[in-house]
Every structure is written in structure tokens, then in C-alpha cells.
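# A look at the structure
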Amino acid sequence: LGGCEGGACRCFLGFAGLNCSTECNGGAYNPCFHNGRCLSDGSCDCFPGFRFPDCSCECPGGAGNVCHGRGECGAGCQC
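Scoring rules and cut-offs
- Residues numbered from 1 in each chain as written.
- Predicted model: local features only at pLDDT ≥ 70, side-chain atom pairs only at ≥ 80, totals over all residues.
- Heavy atoms only, no water.
- Helix = DSSP H or I, 4+ residues; strand = E, 2+ residues; numbered from the N terminus.
- Rg over C-alpha atoms; globule rule 2.2 N^0.38 Å.
- Buried < 20%, exposed > 50% of the residue type's maximum accessible area, 1.4 Å probe, protein only.
- Contact = heavy atoms within 4.5 Å.
- Areas by Shrake-Rupley, 256 points an atom, 1.4 Å probe, with all protein chains shown as cover.
- Lys, Arg positive; Asp, Glu negative; His and termini not counted.
- Charge placed at Lys NZ, Arg CZ, Asp CG, Glu CD.
- Salt bridge = Lys/Arg side-chain N within 4 Å of Asp/Glu carboxyl O.
- Disulfide = S-S within 2.5 Å.
- Polar contact = N/O pair within 3.5 Å; in protein donor to acceptor, adjacent residues only side chain to side chain.

### Quick notes on the overall build of the chain
Check the secondary structure of the chain and you find zero helices and eight strands. Of the regular secondary structure in the chain, the N- to C-terminal order runs β-β-β-β-β-β-β-β. In terms of C-alpha radius of gyration, the chain reaches 15 Å, well past the compact-globule figure of 12 Å for 79 residues. With respect to the three principal axes, the spread of C-alpha positions in the chain is 50 × 20 × 15 Å. Sorting the 79 residues of the chain into buried and exposed places 27% on the buried side. Taking all contacts inside the chain whose residues are at least 6 apart in sequence as the whole, residues at least 24 apart take part in 8%. Total accessible area on the chain stands at roughly 5100 Å², and carbon and sulfur atoms take up 52% of it. Computing the positive centroid from 4 side-chain charges and the negative centroid from 7, the chain places the two 8 Å apart.

### Quick notes on the pattern of salt bridges
Inspection of the entire model under this criterion finds one salt bridge. Its salt-bridge partner being R37, residue D45 comes within 3.6 Å of it at the nearest N-O pair. Residue class for D45 comes out partly exposed when judged on its relative accessible area of 38%.

### Let's talk about the state of the cysteines
Under the defined criterion, the tally for this structure stands at seven disulfides. The partner cysteine of C24 in its disulfide is C38, sulfur to sulfur 1.9 Å. Judged by the sign of its S-S torsion, about -95 degrees, the bond between C24 and C38 is left-handed. You can see C24 sitting in the loop between β4 (22–23) and β5 (36–38) and its partner C38 sitting in strand β5, a full 14 residues away along the chain. What makes C24 buried here is its relative accessible area of 4%. The class for C38 is partly exposed, based on a relative accessible area of 24%. With a sulfur-sulfur separation of 2.0 Å, C59 is cross-linked through a disulfide to C73. A torsion of -90 degrees about the S-S bond marks the disulfide between C59 and C73 as left-handed.

### Let's talk about the environment of R51
Mapping R51 onto the fold places it in strand β7 (residues 50–51). A relative accessible area of 25% places R51 in the partly exposed class. When neighbours within four sequence positions are excluded, R51 is seen to be in contact with C46, S56, C57, C59, C73, G74, A75 and C77. Here the side chain of R51 touches C73 through a polar contact of 3.0 Å, landing on its backbone oxygen.

Below is the structure:
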């Protein structure tokens with residue numbers, strides 16, 4: 001789902017892959033919960049302070065003060 005220019009596809013928001021047939025984690029209308037970047041395989045690269053495969057969990061303290069500056073946020077979204 002996208003358009004092609006110069007022999008390459010440019011996917012619409014929420015879709016990825018060579019032919020734009022892969023839906024991003026979080027769904028086409030909420031890719032990566034708008035807390036990360038959708039990669040070509042449909043997985044998410046979460047912004048700092050967000051976790052889970054779809055970037056839906058904000059770490060304690062918020063993105064600007066992860067774990068209140070006293071630790072690191074793990075994969076389980078806990079300090």
C-alpha cells in the first residue's frame with residue numbers, strides 16, 4: 001500500500017516492505033503508537049523512553065526523564 005516512483009515504492013504511513021504489504025506493529029492507523037519508527041520488516045525502532053514491540057509502553061518517569069534519572073528502563077518497561 002503505497003506509490004511507486006522511479007522504480008521504488010514509497011509506503012503509506014503504517015505500511016512497510018519492498019511492496020508495502022507489511023503492516024507496522026501497532027497497526028496501520030497507529031504505527032508504533034507514534035512512539036517509534038516503523039522499519040522495513042514492520043517492526044518498530046522505539047524512541048528513547050518507550051518499550052514493547054509496538055512502542056506502546058512509556059517507561060516510568062516519562063520519555064524525558066526515564067526512570068527519574070536513577071536507572072535504565074528494561075524490555076519489560078520497568079526500571
